[in-house]
Structure formats: C-alpha cells, structure tokens
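Structural features, examined
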Amino acid sequence: MVLDRQGYDDLIMYLTQNLALFEKPGEIKPGAPTVMELIEDVIAHNVMLICEQHTNLNTEQRSQIVREVDGIVYDLQEVLSSITSQPVTVEQHAFIDEFASLIKNLFDSAVTQES
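Residues numbered from 1 in each chain as written. Predicted model: local features only at pLDDT ≥ 70, side-chain atom pairs only at ≥ 80, totals over all residues. Heavy atoms only, no water.

Under an unreviewed UniProt entry, the chain has the name Topoisomerase II and belongs to Pseudoalteromonas carrageenovora IAM 12662.

Printed below as a string of structure tokens:
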C-alpha cells in the first residue's frame, strides 16, 4: 500500500535528515514517555483515525494497513535503537508527532487512490 511507494522512501529520507534531533540532549518534561512508547502511541492513534475516517475500508485493507504500520514501527525502532528507551525530549516529541502525521497522510492518499 505505502511501503513500496516513493512517498515512503521520502519519509525515511526525512527521518535520516533529522536524526540529529535524537543525538543531542534536550528538554524533557516530567513524566515524558520513552521515545518508543511515544512512537507506538502516536502511530496507533493515527491508524485508528485512518480506519475511522475511511469507513469503506474492508477487513483485508485494514489488515494491510496494520501490517505495514508494524513494518514502519520496526524500521523506526531499528534506526533509533540506541535511544528508544530514553525519555523523549520536547523537540523529539514534536518531530514524532509530525512524522506520524506524514505516515497518516501516506495512508490517506493510498486509500483514496484505491477507492
């Protein structure tokens, strides 16, 4: 659906261009989740939004979205493996929110094109 598209390659390139955010210290709010907890929560929320907004998705399409999102989370975990258990900084939080929105946009576009 999206993993084999140019948009996903561009998204990974965007991540690599912003890896410096994950290599420097920054402000951490009290009770901040770990990097991986935030990634999982934000992406899961966006997957639910995709499914809610595209009511015409069948079970197979929903399953494909979940499988691909699992692959994306795995890729993120691999790229950020050295810091996934660290508390997320304010800057990292903002980037992860934006990145998850871009993932959602990729799936929104793919779903719209398949309809």
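On inspection of all chains with the given rule, the structure shows two salt bridges. Residues Glu-91 and Lys-24 are paired through a salt bridge, measuring 3.8 Å at the closest nitrogen-oxygen approach. Residue Glu-91 is found in helix H4 (residues 90-114), and its partner Lys-24 is found in the loop between helix H1 (6-17) and helix H2 (35-53); the two are separated by 67 residues along the sequence. Glu-91 gets classed as partly exposed once you look at its relative accessible area, which sits at 41%. Lys-104 is paired through a salt bridge with Asp-108; the nearest N and O atoms lie 2.6 Å apart. With Lys-104 and Asp-108 both in helix H4, this residue pair falls four residues apart, about one helical turn. For the pair Lys-104 and Asp-108, a shared accessibility class is recorded, and that class is buried. (Salt bridge = Lys/Arg side-chain N within 4 Å of Asp/Glu carboxyl O. Helix = DSSP H or I, 4+ residues; strand = E, 2+ residues; numbered from the N terminus. Buried < 20%, exposed > 50% of the residue type's maximum accessible area, 1.4 Å probe, protein only.)

Here we come to the environment of Tyr-14. Inspection of the secondary structure puts Tyr-14 in helix H1. Residue classification places Tyr-14 among the partly exposed residues on the basis of a relative accessible area of 24%. Taking the C-alpha atoms as reference points, Tyr-14 and Phe-99, separated by 85 residues in sequence, lie 8.7 Å from one another. Tyr-14 has contacts with Phe-95, Glu-98, Phe-99 and Leu-102, leaving out every residue within four places of it along the chain. (Contact = heavy atoms within 4.5 Å.)

With that out of the way, let us pick up helix H3 (residues 59-79). If you check H3, its first and last C-alpha atoms are 30 Å apart, about what 21 residues at 1.5 Å a residue would give, namely 30 Å. Those residues of H3 lying buried are Gln-61, Ile-65, Glu-68, Val-69, Ile-72, Val-73 and Leu-76. Here the buried residues of H3 occupy an arc of 145° about the axis, which is enough to place them on one side. In H3, those exposed residues whose orientation departs by more than 90 degrees from the buried face are Thr-59, Glu-60, Arg-67 and Asp-70. (Expected span 1.5 Å × (residues − 1). Arc of directions from axis to C-beta.)

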